[in-house]
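# Per-entry structural report
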There are 2 protein chains.
Amino acid sequence: MTKRATWQREAVRDALSTSEGFVSAQSLYGALRESGSPIGLATVYRALSDLAVGGDADSLQQEGESLYRACTPGSHHHHLICRNCGLTVEIEADAVEAWAASVAADHGFTQPSHVVDVFGLCAACQRLG
Amino acid sequence: MTKRATWQREAVRDALSTSEGFVSAQSLYGALRESGSPIGLATVYRALSDLAVGGDADSLQQEGESLYRACTPGSHHHHLICRNCGLTVEIEADAVEAWAASVAADHGFTQPSHVVDVFGLCAACQRLG
DNA sequence: CCTGCTATTGATAATCATTCTCAGCACGTG
DNA sequence: CACGTGCTGAGAATGATTATCAATAGCAGG
Ligand SMILES: [Zn+2]
Ligand SMILES: [Zn+2]
Ligand SMILES: [Zn+2]
Ligand SMILES: [Zn+2]
(Lines give C-alpha, C1' and ligand atoms only; values in the text may rest on other atoms or scores of the structure.)
(Ligands and ions follow the chains in the order given, each with its own letter.)
Protein backbone atom coordinates (compact mmCIF):
# COMPACT_ATOMS: atom_id res chain seq x y z
CA MET A 1 0.00 0.00 0.00
CA THR A 2 1.74 3.07 -1.16
CA LYS A 3 0.83 6.70 -1.83
CA ARG A 4 -2.62 7.40 -0.53
CA ALA A 5 -4.70 10.20 -2.00
CA THR A 6 -5.25 13.13 0.35
CA TRP A 7 -6.73 16.59 -0.10
CA GLN A 8 -3.37 18.04 0.96
CA ARG A 9 -1.53 16.54 -1.97
CA GLU A 10 -4.23 17.73 -4.35
CA ALA A 11 -4.11 21.22 -2.84
CA VAL A 12 -0.39 21.42 -3.47
CA ARG A 13 -0.76 20.10 -6.98
CA ASP A 14 -3.47 22.65 -7.73
CA ALA A 15 -1.62 25.57 -6.19
CA LEU A 16 1.44 24.64 -8.19
CA SER A 17 -0.41 24.41 -11.49
CA THR A 18 -1.97 27.84 -11.03
CA SER A 19 1.46 29.45 -10.64
CA GLU A 20 2.96 31.13 -13.66
CA GLY A 21 6.57 30.21 -13.04
CA PHE A 22 8.79 28.56 -10.47
CA VAL A 23 7.85 29.00 -6.84
CA SER A 24 9.49 28.05 -3.58
CA ALA A 25 7.99 25.69 -1.05
CA GLN A 26 7.81 28.57 1.40
CA SER A 27 5.86 30.88 -0.90
CA LEU A 28 3.54 28.09 -1.99
CA TYR A 29 2.86 27.35 1.67
CA GLY A 30 2.20 31.05 2.24
CA ALA A 31 -0.22 31.20 -0.68
CA LEU A 32 -2.10 28.15 0.54
CA ARG A 33 -2.45 29.56 4.04
CA GLU A 34 -3.54 32.91 2.59
CA SER A 35 -6.36 31.16 0.79
CA GLY A 36 -7.52 29.63 4.03
CA SER A 37 -6.02 26.17 3.80
CA PRO A 38 -4.84 24.72 7.13
CA ILE A 39 -2.14 22.66 5.43
CA GLY A 40 1.17 22.22 7.23
CA LEU A 41 4.57 23.33 6.02
CA ALA A 42 6.15 19.89 6.26
CA THR A 43 3.36 18.48 4.15
CA VAL A 44 3.99 21.04 1.41
CA TYR A 45 7.64 20.04 1.35
CA ARG A 46 6.75 16.38 1.18
CA ALA A 47 4.14 16.87 -1.55
CA LEU A 48 6.51 18.93 -3.70
CA SER A 49 9.23 16.36 -3.29
CA ASP A 50 6.85 13.61 -4.33
CA LEU A 51 5.67 15.55 -7.37
CA ALA A 52 9.25 16.12 -8.46
CA VAL A 53 10.18 12.47 -8.01
CA GLY A 54 7.06 11.37 -9.85
CA GLY A 55 7.87 13.59 -12.80
CA ASP A 56 4.87 15.89 -12.40
CA ALA A 57 7.00 18.85 -11.41
CA ASP A 58 10.40 20.19 -12.29
CA SER A 59 12.70 21.82 -9.79
CA LEU A 60 15.78 23.98 -9.81
CA GLN A 61 18.01 25.54 -7.18
CA GLN A 62 18.33 29.29 -6.97
CA GLU A 63 20.01 31.32 -4.27
CA GLY A 64 20.05 28.45 -1.87
CA GLU A 65 16.45 27.37 -2.18
CA SER A 66 14.54 24.88 -4.30
CA LEU A 67 11.93 26.18 -6.71
CA TYR A 68 9.20 24.02 -8.23
CA ARG A 69 6.91 24.23 -11.21
CA ALA A 70 4.15 22.04 -12.62
CA CYS A 71 5.42 20.74 -15.95
CA THR A 72 4.14 18.65 -18.79
CA PRO A 73 4.57 15.13 -17.38
CA GLY A 74 6.78 12.59 -19.02
CA SER A 75 8.60 14.96 -21.32
CA HIS A 76 12.20 15.93 -20.76
CA HIS A 77 12.68 19.62 -21.39
CA HIS A 78 14.40 22.72 -20.06
CA HIS A 79 13.35 26.24 -19.11
CA LEU A 80 13.75 29.85 -20.08
CA ILE A 81 13.07 31.85 -16.94
CA CYS A 82 12.60 35.56 -16.31
CA ARG A 83 14.86 36.36 -13.40
CA ASN A 84 12.59 39.23 -12.40
CA CYS A 85 9.03 37.90 -12.46
CA GLY A 86 9.62 34.16 -12.77
CA LEU A 87 7.73 33.78 -16.06
CA THR A 88 8.80 30.46 -17.51
CA VAL A 89 8.84 28.98 -20.99
CA GLU A 90 9.42 25.30 -21.56
CA ILE A 91 12.15 24.58 -24.09
CA GLU A 92 12.99 21.43 -25.97
CA ALA A 93 16.33 21.06 -27.66
CA ASP A 94 17.41 17.70 -28.95
CA ALA A 95 20.72 19.19 -29.98
CA VAL A 96 21.55 19.98 -26.36
CA GLU A 97 20.50 16.53 -25.25
CA ALA A 98 22.79 14.95 -27.81
CA TRP A 99 25.60 17.30 -26.93
CA ALA A 100 25.40 16.50 -23.21
CA ALA A 101 25.39 12.78 -23.88
CA SER A 102 28.37 12.95 -26.22
CA VAL A 103 30.40 15.17 -23.90
CA ALA A 104 29.97 12.63 -21.12
CA ALA A 105 30.78 9.69 -23.37
CA ASP A 106 33.84 11.40 -24.85
CA HIS A 107 35.36 11.64 -21.39
CA GLY A 108 34.47 8.15 -20.27
CA PHE A 109 31.58 9.19 -18.04
CA THR A 110 28.51 6.99 -17.75
CA GLN A 111 25.01 7.54 -16.38
CA PRO A 112 24.98 11.08 -17.71
CA SER A 113 22.52 13.72 -16.56
CA HIS A 114 22.49 17.44 -16.96
CA VAL A 115 21.25 20.76 -15.67
CA VAL A 116 20.42 23.32 -18.34
CA ASP A 117 18.53 26.54 -17.57
CA VAL A 118 18.42 29.82 -19.46
CA PHE A 119 17.66 33.05 -17.62
CA GLY A 120 16.86 36.53 -18.88
CA LEU A 121 14.49 39.45 -18.64
CA CYS A 122 11.12 38.90 -20.29
CA ALA A 123 9.59 41.51 -22.59
CA ALA A 124 7.17 42.73 -19.92
CA CYS A 125 9.87 43.23 -17.32
CA GLN A 126 12.10 45.10 -19.76
CA ARG A 127 9.47 47.85 -20.09
CA LEU A 128 9.34 48.30 -16.33
CA GLY A 129 13.00 49.21 -16.55
CA MET B 1 41.11 51.70 -0.96
CA THR B 2 39.64 48.39 -1.82
CA LYS B 3 40.54 44.73 -1.43
CA ARG B 4 43.58 44.48 0.78
CA ALA B 5 45.88 41.51 0.42
CA THR B 6 45.84 39.14 3.37
CA TRP B 7 47.34 35.72 3.98
CA GLN B 8 43.82 34.42 4.59
CA ARG B 9 42.66 35.20 1.08
CA GLU B 10 45.78 33.61 -0.35
CA ALA B 11 45.31 30.54 1.80
CA VAL B 12 41.81 30.06 0.45
CA ARG B 13 42.96 30.63 -3.10
CA ASP B 14 45.73 28.07 -2.68
CA ALA B 15 43.55 25.50 -0.99
CA LEU B 16 41.01 25.84 -3.75
CA SER B 17 43.54 25.45 -6.52
CA THR B 18 44.92 22.24 -5.01
CA SER B 19 41.49 20.65 -5.03
CA GLU B 20 40.63 18.27 -7.85
CA GLY B 21 37.01 19.19 -8.25
CA PHE B 22 34.28 21.27 -6.67
CA VAL B 23 34.41 21.65 -2.91
CA SER B 24 32.14 23.20 -0.35
CA ALA B 25 33.08 26.12 1.87
CA GLN B 26 32.71 23.84 4.87
CA SER B 27 35.06 21.16 3.59
CA LEU B 28 37.61 23.73 2.45
CA TYR B 29 37.48 25.24 5.92
CA GLY B 30 37.97 21.80 7.40
CA ALA B 31 40.96 21.11 5.17
CA LEU B 32 42.57 24.42 6.07
CA ARG B 33 42.15 23.82 9.78
CA GLU B 34 43.49 20.27 9.34
CA SER B 35 46.64 21.71 7.85
CA GLY B 36 47.12 23.92 10.87
CA SER B 37 45.72 27.19 9.60
CA PRO B 38 43.85 29.26 12.21
CA ILE B 39 41.60 30.80 9.56
CA GLY B 40 37.99 31.48 10.48
CA LEU B 41 34.93 30.02 8.83
CA ALA B 42 33.36 33.36 7.98
CA THR B 43 36.56 34.39 6.25
CA VAL B 44 36.51 31.29 4.07
CA TYR B 45 32.96 32.10 2.99
CA ARG B 46 33.92 35.69 2.23
CA ALA B 47 37.04 34.73 0.30
CA LEU B 48 35.18 32.18 -1.82
CA SER B 49 32.46 34.68 -2.59
CA ASP B 50 35.05 37.23 -3.66
CA LEU B 51 36.83 34.72 -5.87
CA ALA B 52 33.57 33.80 -7.57
CA VAL B 53 32.61 37.44 -8.12
CA GLY B 54 36.07 38.22 -9.44
CA GLY B 55 35.89 35.40 -11.96
CA ASP B 56 38.69 33.34 -10.42
CA ALA B 57 36.37 30.60 -9.29
CA ASP B 58 33.22 28.96 -10.58
CA SER B 59 30.42 27.85 -8.33
CA LEU B 60 27.40 25.63 -8.53
CA GLN B 61 24.65 24.58 -6.15
CA GLN B 62 24.27 20.95 -5.25
CA GLU B 63 21.97 19.50 -2.62
CA GLY B 64 21.43 22.84 -1.02
CA GLU B 65 25.03 23.92 -0.70
CA SER B 66 27.39 25.98 -2.82
CA LEU B 67 30.44 24.28 -4.29
CA TYR B 68 33.47 26.14 -5.59
CA ARG B 69 36.35 25.36 -7.89
CA ALA B 70 39.37 27.31 -9.12
CA CYS B 71 38.88 27.83 -12.83
CA THR B 72 40.82 29.29 -15.73
CA PRO B 73 40.11 32.99 -15.27
CA GLY B 74 38.39 35.01 -17.92
CA SER B 75 37.14 32.12 -19.96
CA HIS B 76 33.50 31.17 -20.05
CA HIS B 77 33.08 27.42 -19.87
CA HIS B 78 31.04 24.66 -18.31
CA HIS B 79 31.76 21.48 -16.40
CA LEU B 80 31.50 17.74 -16.61
CA ILE B 81 31.41 16.49 -13.03
CA CYS B 82 31.63 13.03 -11.48
CA ARG B 83 28.77 12.86 -9.04
CA ASN B 84 30.65 10.33 -6.93
CA CYS B 85 34.18 11.70 -6.50
CA GLY B 86 33.76 15.26 -7.75
CA LEU B 87 36.36 14.95 -10.55
CA THR B 88 35.73 17.83 -12.90
CA VAL B 89 36.53 18.49 -16.55
CA GLU B 90 36.17 21.94 -18.05
CA ILE B 91 34.31 21.94 -21.34
CA GLU B 92 33.76 24.62 -23.93
CA ALA B 93 30.85 24.47 -26.32
CA ASP B 94 30.23 27.41 -28.57
CA ALA B 95 27.20 25.64 -29.98
CA VAL B 96 25.56 25.69 -26.57
CA GLU B 97 26.42 29.34 -26.04
CA ALA B 98 24.82 30.24 -29.35
CA TRP B 99 21.80 28.08 -28.62
CA ALA B 100 21.19 29.71 -25.25
CA ALA B 101 21.47 33.19 -26.73
CA SER B 102 19.09 32.43 -29.58
CA VAL B 103 16.53 30.75 -27.35
CA ALA B 104 16.39 33.86 -25.18
CA ALA B 105 16.18 36.18 -28.17
CA ASP B 106 13.49 34.10 -29.87
CA HIS B 107 11.22 34.61 -26.88
CA GLY B 108 11.94 38.27 -26.41
CA PHE B 109 14.19 37.82 -23.40
CA THR B 110 17.19 40.11 -22.92
CA GLN B 111 20.28 39.99 -20.72
CA PRO B 112 20.51 36.22 -21.18
CA SER B 113 22.59 34.01 -18.93
CA HIS B 114 22.59 30.29 -18.45
CA VAL B 115 23.44 27.40 -16.19
CA VAL B 116 24.78 24.32 -17.94
CA ASP B 117 26.36 21.41 -16.05
CA VAL B 118 26.81 17.79 -17.07
CA PHE B 119 27.05 15.07 -14.42
CA GLY B 120 28.02 11.44 -14.67
CA LEU B 121 30.17 8.67 -13.24
CA CYS B 122 33.85 8.92 -14.15
CA ALA B 123 35.80 5.92 -15.41
CA ALA B 124 37.54 5.39 -12.07
CA CYS B 125 34.30 5.44 -10.09
CA GLN B 126 32.64 2.97 -12.48
CA ARG B 127 35.20 0.33 -11.57
CA LEU B 128 34.47 0.70 -7.88
CA GLY B 129 30.90 -0.21 -8.86
C1' DC C 1 60.42 53.43 10.77
C1' DC C 2 56.12 55.44 13.14
C1' DT C 3 51.01 56.88 12.64
C1' DG C 4 46.38 56.88 11.45
C1' DC C 5 42.65 55.36 8.82
C1' DT C 6 39.87 51.71 7.67
C1' DA C 7 39.24 47.20 5.51
C1' DT C 8 39.47 42.68 7.36
C1' DT C 9 39.10 39.14 10.58
C1' DG C 10 36.84 35.66 13.55
C1' DA C 11 34.14 33.98 17.62
C1' DT C 12 29.57 33.91 18.12
C1' DA C 13 24.80 34.78 17.46
C1' DA C 14 21.25 35.06 14.20
C1' DT C 15 18.83 33.55 9.83
C1' DC C 16 16.57 30.60 6.94
C1' DA C 17 15.34 26.71 4.36
C1' DT C 18 14.63 22.04 4.96
C1' DT C 19 14.18 17.75 7.60
C1' DC C 20 13.03 15.03 11.66
C1' DT C 21 9.98 13.44 15.47
C1' DC C 22 6.06 11.31 16.94
C1' DA C 23 1.45 11.25 18.60
C1' DG C 24 -2.99 11.60 16.54
C1' DC C 25 -5.67 11.23 12.33
C1' DA C 26 -7.78 9.49 8.06
C1' DC C 27 -7.55 6.62 3.53
C1' DG C 28 -8.93 2.40 1.61
C1' DT C 29 -9.63 -2.34 1.91
C1' DG C 30 -12.53 -6.09 3.43
C1' DC D 1 -18.17 -0.09 9.95
C1' DA D 2 -13.46 -1.65 11.82
C1' DC D 3 -8.67 -2.08 11.29
C1' DG D 4 -3.94 -1.41 9.87
C1' DT D 5 -0.85 1.57 8.21
C1' DG D 6 0.43 5.50 5.65
C1' DC D 7 -0.19 10.59 6.27
C1' DT D 8 -0.28 14.91 8.73
C1' DG D 9 1.40 18.86 11.31
C1' DA D 10 3.30 21.55 15.30
C1' DG D 11 7.41 22.15 16.92
C1' DA D 12 12.20 20.83 17.59
C1' DA D 13 16.47 19.85 15.24
C1' DT D 14 19.76 20.35 11.65
C1' DG D 15 22.98 22.51 8.67
C1' DA D 16 24.59 25.95 5.67
C1' DT D 17 25.20 30.71 5.26
C1' DT D 18 25.15 35.52 6.93
C1' DA D 19 25.20 39.30 10.32
C1' DT D 20 27.53 41.41 14.51
C1' DC D 21 31.05 44.01 16.24
C1' DA D 22 35.21 44.66 18.89
C1' DA D 23 40.02 43.72 17.98
C1' DT D 24 43.52 43.41 14.43
C1' DA D 25 46.46 44.44 10.70
C1' DG D 26 47.22 46.17 5.61
C1' DC D 27 48.96 50.20 3.55
C1' DA D 28 49.58 55.11 2.30
C1' DG D 29 51.96 59.24 4.24
C1' DG D 30 55.01 61.69 6.72
ZN1 LIG E 1 9.53 39.10 -16.29
ZN1 LIG F 1 17.92 17.90 -21.34
ZN1 LIG G 1 34.51 9.75 -9.95
ZN1 LIG H 1 27.97 28.98 -21.45
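Before going into details, it helps to say that this report is about the structure given with it. (Residues numbered from 1 in each chain as written. Chains lettered and ligands numbered in written order. Predicted model: local features only at pLDDT ≥ 70, side-chain atom pairs only at ≥ 80, totals over all residues. Heavy atoms only, no water.)

## Comments concerning the overall build of chain A
Threshold: A run of DSSP states H or I qualifies as a helix once it reaches four residues; a run of E qualifies as a strand once it reaches two. Both are numbered from the N-terminal end. When a residue's accessible area, from a 1.4 Å probe over protein chains only, is under 20% of the maximum for its type it is buried; when over 50% it is exposed; and in between it is partly exposed. We call two residues contacting when some pair of their heavy atoms lies within 4.5 Å. Throughout, the Shrake-Rupley method with a 1.4 Å probe supplies accessible areas, and for residues the shown protein chains are the sole cover considered.
If you tally the helices and strands in chain A, you get five helices and six strands. For chain A, the sequential pattern of α-helices and β-strands runs α-β-α-α-β-β-β-β-α-β-α. Each of the three principal axes of chain A carries a C-alpha extent, and together these read 50 × 50 × 25 Å. Every one of the 129 residues in chain A was classed for burial, and the buried ones make up 36%. In chain A, once contacts between residues fewer than 6 apart in sequence are set aside, the share between residues at least 24 apart is 48%. Accessible surface computed for chain A: about 7,300 Å², of which carbon and sulfur atoms make up 51%.

## Considering the coordination of the zinc ion (ligand 1)
All names here are of chain A. Put simply, the rule is: Note: metal donors comprise N, O and S atoms at 2.8 Å or less from the metal (3.2 Å for Na, K and Ca); water molecules are not included, so apparent gaps in a site are possible. Key to geometry: four donors with every angle between 85 and 135 degrees are tetrahedral; four donors are square planar and six octahedral where opposite donors lie over 155 degrees apart and all remaining angles lie between 65 and 115; all other sites are irregular.
For the zinc ion (ligand 1), the full set of protein donor atoms is Cys82 (SG), Cys85 (SG), Cys122 (SG) and Cys125 (SG), at a range of 2.2 to 2.4 Å. For the zinc ion (ligand 1), the four donor atoms in the first shell make angles of 105 to 112 degrees at the metal, so the coordination geometry reads as tetrahedral. All donors of the zinc ion (ligand 1) come from a single chain, and their spacing in sequence reads C-x2-C-x36-C-x2-C. With cysteine 82 in strand β4 (residues 78-82) and cysteine 122 in the loop between β6 (110-121) and α5 (123-127), this pair connects stretches of sequence that are 40 residues apart.

## Some remarks on the relation of the copies chain A and chain B
Test applied: We superpose the copies by least squares over the C-alpha atoms of residues that have a pLDDT of at least 70 in both of them.
In screw terms, the move from chain A to chain B is a rotation of 180 degrees and a rise of 0.1 Å along the axis, fitting with an RMSD of 0.1 Å. Those values place the two copies in the arrangement expected of a two-fold rotation axis. Closest to the rotation axis within chain A is the C-alpha of valine 116 of chain A, separated from it by 2.3 Å. Most of the interface of chain A is mirrored in chain B, where 100% of its interface residues are also at the interface.

## Remarks on the protein's contact with DNA strand D
Operational definition: What makes a residue near a molecule or strand is one non-hydrogen atom of that residue sitting within 4 Å of it. Polar contact is defined as a pair of N or O atoms within 3.5 Å, subject to the rule that within protein one atom must be able to donate a hydrogen and the other to accept it, and that residues adjacent in sequence are counted only when both atoms are side-chain atoms. For this classification, the nonpolar set comprises Ala, Val, Leu, Ile, Met, Phe, Trp, Tyr, Cys and Pro, the charged set comprises Asp, Glu, Lys and Arg, and every other residue, Gly included, is treated as polar.
What surrounds DNA strand D is a group of 19 residues, the closest being Arg4, Thr43 and Arg46 of chain A together with Tyr45 and Ser66 of chain B. For DNA strand D, the fraction of protein-proximal atoms (within 4 Å) that sit in sugar or phosphate groups is 59%. Tyrosine 45 of chain B is positioned with one of its side-chain polar atoms (N or O) 2.6 Å from a phosphate oxygen of DNA strand D. Looking at the surface near DNA strand D, the elements with two or more residues in it are α1 (7-17) and α3 (41-54) of chain A together with α3 (41-53) and β3 (65-70) of chain B. Ranked by residue count, the leading element in the surface near DNA strand D is α3 of chain A, at three residues. Considering only residue class, the surface near DNA strand D consists of seven nonpolar, six polar and six charged.

## Focus: the coordination of the zinc ion (ligand 2)
Residue and element names in this part refer to chain A. Those protein atoms acting as donors to the zinc ion (ligand 2) are His76 (NE2), His78 (NE2), Glu97 (OE), Glu97 (OE) and His114 (NE2), and they sit at 1.9 to 2.3 Å. Positions of the donor residues of the zinc ion (ligand 2), expressed as sequence spacing, correspond to H-x1-H-x18-E-x16-H. Placement of the pair is histidine 78 in strand β4 and histidine 114 in strand β6, with a sequence separation of 36 residues.

## Some words on unusual backbone geometry
Residue and element names in this part refer to chain B. Backbone geometry at glutamate 63 places phi at a positive 50 degrees, although glycine is not the residue there. Positionally, glutamate 63 belongs in the loop between β2 (57-62) and β3. For glutamate 63, a relative accessible area of 77% gives the class exposed. In this structure, glutamine 111 takes a positive phi of about 50 degrees despite not being glycine. Overall, the relative accessible area of 52% leaves glutamine 111 in the exposed class.

## What to know about the interface of chain A and chain B
It is common to report an interface's size as the accessible area lost on association of the parts. Spelled out, the test is: Note on definitions: buried area is the accessible-area loss of two parts on being combined, 1.4 Å probe, summed for both. One side-chain nitrogen of Lys or Arg within 4 Å of one carboxyl oxygen of Asp or Glu is enough to make a salt bridge. Pairing between strands is defined by DSSP: at least two bridges between them are needed.
Between chain A and chain B, the residue contacts involve 33 residues of the former and 33 residues of the latter. Together, the buried faces of chain A and chain B total about 2,800 Å²; carbon and sulfur atoms form 66% of this surface. On inspection of chain A and its partner chain B, the count reaches zero salt bridges. For the pair chain A and chain B, the number of links is 14 residue pairs in polar contact (both at pLDDT 80 or more). If you list the elements that add at least two residues to the side of chain A that touches chain B, you get β4, β5 (88-91), α4 (94-106), β6 and α5 of chain A. Of the residues forming the side of chain A that touches chain B, the biggest block, 12 residues, is contributed by β6 of chain A. Here the residues of the side of chain A that touches chain B are counted per class, giving 21 nonpolar, 10 polar and two charged. The pairing of β6 of chain A with strand β6 (residues 110-121) of chain B spans nine bridges and is classified as antiparallel. Bridge pairing links valine 116 of chain A to valine 116 of chain B in β6 of chain B.

As far as function goes, none of this settles anything; it's purely spatial.
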